[in-house]
Amino acid sequence: MKAYRLASREEHPENTIVKIGEQLTVGGRELLVIAGPCAVESREHYLEAASLVKGCGAHVLRGGAFKPRTSPYSFTGLAREGLEILAEARLQTGLPVVTEVMDTRDLELVYEYADILQVGSRNMQNYTLLHEVGKTKKPVLLKRGFAATIMEWLLAAEHIMAAGNSQVILCERGIRTFETYTRNTIDLGAVVAVKELSHLPVIVDPSHGTGRVSMVSPIARAAIAAGADGIMVEVHQNPAEALSDGFQSLTPAAFAQMIGELQRLAEVVGRVLNTPSVIPKEKPDNSVYLC
Ligand code: PEP
Ligand code: MN
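Residues numbered from 1 in each chain as written. Chains lettered and ligands numbered in written order. Predicted model: local features only at pLDDT ≥ 70, side-chain atom pairs only at ≥ 80, totals over all residues. Heavy atoms only, no water.

Participant: Which parts of the structure should I look at to understand the overall build of the chain?
Facilitator: When helices and strands are tallied, the chain shows nine helices and ten strands. At 17 Å, the chain has a C-alpha radius of gyration in line with the 19 Å of a compact globule built from 291 residues. C-alpha extents for the chain along the principal axes are approximately 55 × 45 × 45 Å. Classification of the 291 residues of the chain by burial places 55% in the buried group. Taking as baseline every contact in the chain between residues at least 6 positions apart, the subset at least 24 positions apart corresponds to 69%. When the accessible surface of the chain is split by element, carbon and sulfur atoms take 53% of a total near 12,400 Å². Between the centroid of the 29 positive side chains of the chain and the centroid of its 33 negative side chains there is a distance of 2 Å. (Helix = DSSP H or I, 4+ residues; strand = E, 2+ residues; numbered from the N terminus. Rg over C-alpha atoms; globule rule 2.2 N^0.38 Å. Buried < 20%, exposed > 50% of the residue type's maximum accessible area, 1.4 Å probe, protein only. Contact = heavy atoms within 4.5 Å. Areas by Shrake-Rupley, 256 points an atom, 1.4 Å probe, with all protein chains shown as cover. Lys, Arg positive; Asp, Glu negative; His and termini not counted. Charge placed at Lys NZ, Arg CZ, Asp CG, Glu CD.)

Below is the structure:
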């Protein structure tokens, strides 16, 4: 018997389409765009960010309330208050929210607020957490561990599925290599491999995957061209002032431009990128986007 079964395409040849909230899916023909700041920084800031990214075409809002930080002195998120702000943003925009659950002790709380439970790169092999999110009924966004092989990543998904939850969305976010110019080395080959090996949807996070704002849109395009089912990007109104990851955050205008580019690319690769607000496709010029 293979070490992974439930996640394997051999066992389940058809693509899995994960339902998000009432209206969205990922894994079918339509591409999914998740966007928002790295962290929920304040109510005013987040509500504005949420309406901006919605206006530019995002389908799902992102924002961390529990932030895994390398230094204990960095901003670690607003915890419950951050979750309450996310809930308000969902109410205001009508968009579902994804946020990270770092610890099993917070799962009940995060579950109350999140539409998608994010398991971060650092926790990809936290098997207790995988088991607990596997016992829930909400979709799980499973980020690839920064030192995990493709097989270890699929086995992490198998843990969630074996616990009862088949609604797993994989997210490639770069791995650590000898290269230091980029924050991580984005592995788009893994997107192709995982599509061959598994029926689960796969999205790409070019923000953490590169750590460089100039590389985010090109890598997002490459991800969609390689067969990814969507992208997750960090967007901030004022990246220079961001409390985390400003160096890899798009401005809303740059995000809008990227969406326009991805819409045109989607047609070429046989996908569609529907956006809640209609962006004029024929005008890539930044100035036409009102966000
Ligand atoms: C994030 O997306 O908020 C995050 C912390 O990313 P990662 O777990 O991939 O580092
Ligand atoms: Mn971040």
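Back to the write-up after that little detour.
Participant: How do you make sense of the coordination of the manganese ion (ligand 2) when you look at a structure like this?
Facilitator: Geometry sets the ideal angles at a metal, namely 109.5 degrees for four tetrahedral donors and 90 or 180 degrees for six octahedral donors. The protein atoms that coordinate the manganese ion (ligand 2) are Cys-38 (SG), His-208 (NE2), Glu-234 (OE) and Asp-245 (OD), at distances of 2.0 to 2.4 Å. Here the donor residues for the manganese ion (ligand 2) map to a single chain with the spacing C-x169-H-x25-E-x10-D. With His-208 in helix H7 (residues 206-210) and Glu-234 in strand E10 (residues 230-234), this pair connects stretches of sequence that are 26 residues apart. Of the two residues examined, His-208 and Glu-234, each falls in the buried class. (Donors = N, O, S within 2.8 Å, 3.2 Å for Na, K, Ca; no water.)

Participant: What should I look at first to understand the packing of aromatic side chains in this one?
Facilitator: How two aromatic rings sit relative to each other is given by the distance of their centres and the angle of their planes. Scanning the model with the defined rule gives zero aromatic pairs in all. Lying across the ring of Tyr-111, Lys-138 places its NZ or CZ 4.3 Å from the centre. We note Arg-176 situated over the ring of Phe-146; from NZ or CZ to the ring centre the distance is 5.2 Å. (Phe/Tyr/Trp six-rings, centres within 6.5 Å; stacked < 30°, edge-to-face > 60°. Lys NZ or Arg CZ within 6 Å of the ring centre and 35° of its normal.)

Participant: Is there a simple way to think about the side chain of Arg-62 in this case?
Facilitator: Topologically, Arg-62 is positioned in strand E4 (residues 60-62). Of note is the side chain of Arg-62, whose polar atom sits 2.8 Å from the backbone oxygen of Cys-38. Apart from the residues lying within four places of it in its own chain, the contact partners of Arg-62 are Ile-34, Ala-35, Gly-36, Pro-37, Cys-38, Tyr-46, Lys-67, Val-98, His-208, Met-232, Val-233 and Glu-234. (Polar contact = N/O pair within 3.5 Å; in protein donor to acceptor, adjacent residues only side chain to side chain.)

Participant: Which parts of the structure should I look at to understand the site of ligand 1?
Facilitator: Close to ligand 1 lie Arg-62, Lys-67, Glu-100, Gln-118, Gly-120, Ser-121, Arg-122, Lys-143, Arg-173, His-208 and Met-232, which account for all nearby residues. Here an oxygen atom of ligand 1 and a side-chain polar atom of Lys-143 are 2.8 Å apart. Considered on its own, ligand 1 offers 300 Å² of accessible surface; in the complex 97% of this is hidden by protein. Considering only residue class, the shell around ligand 1 consists of one nonpolar, four polar and six charged. (Near = heavy atom within 4 Å. Nonpolar A, V, L, I, M, F, W, Y, C, P; charged D, E, K, R; others polar.)

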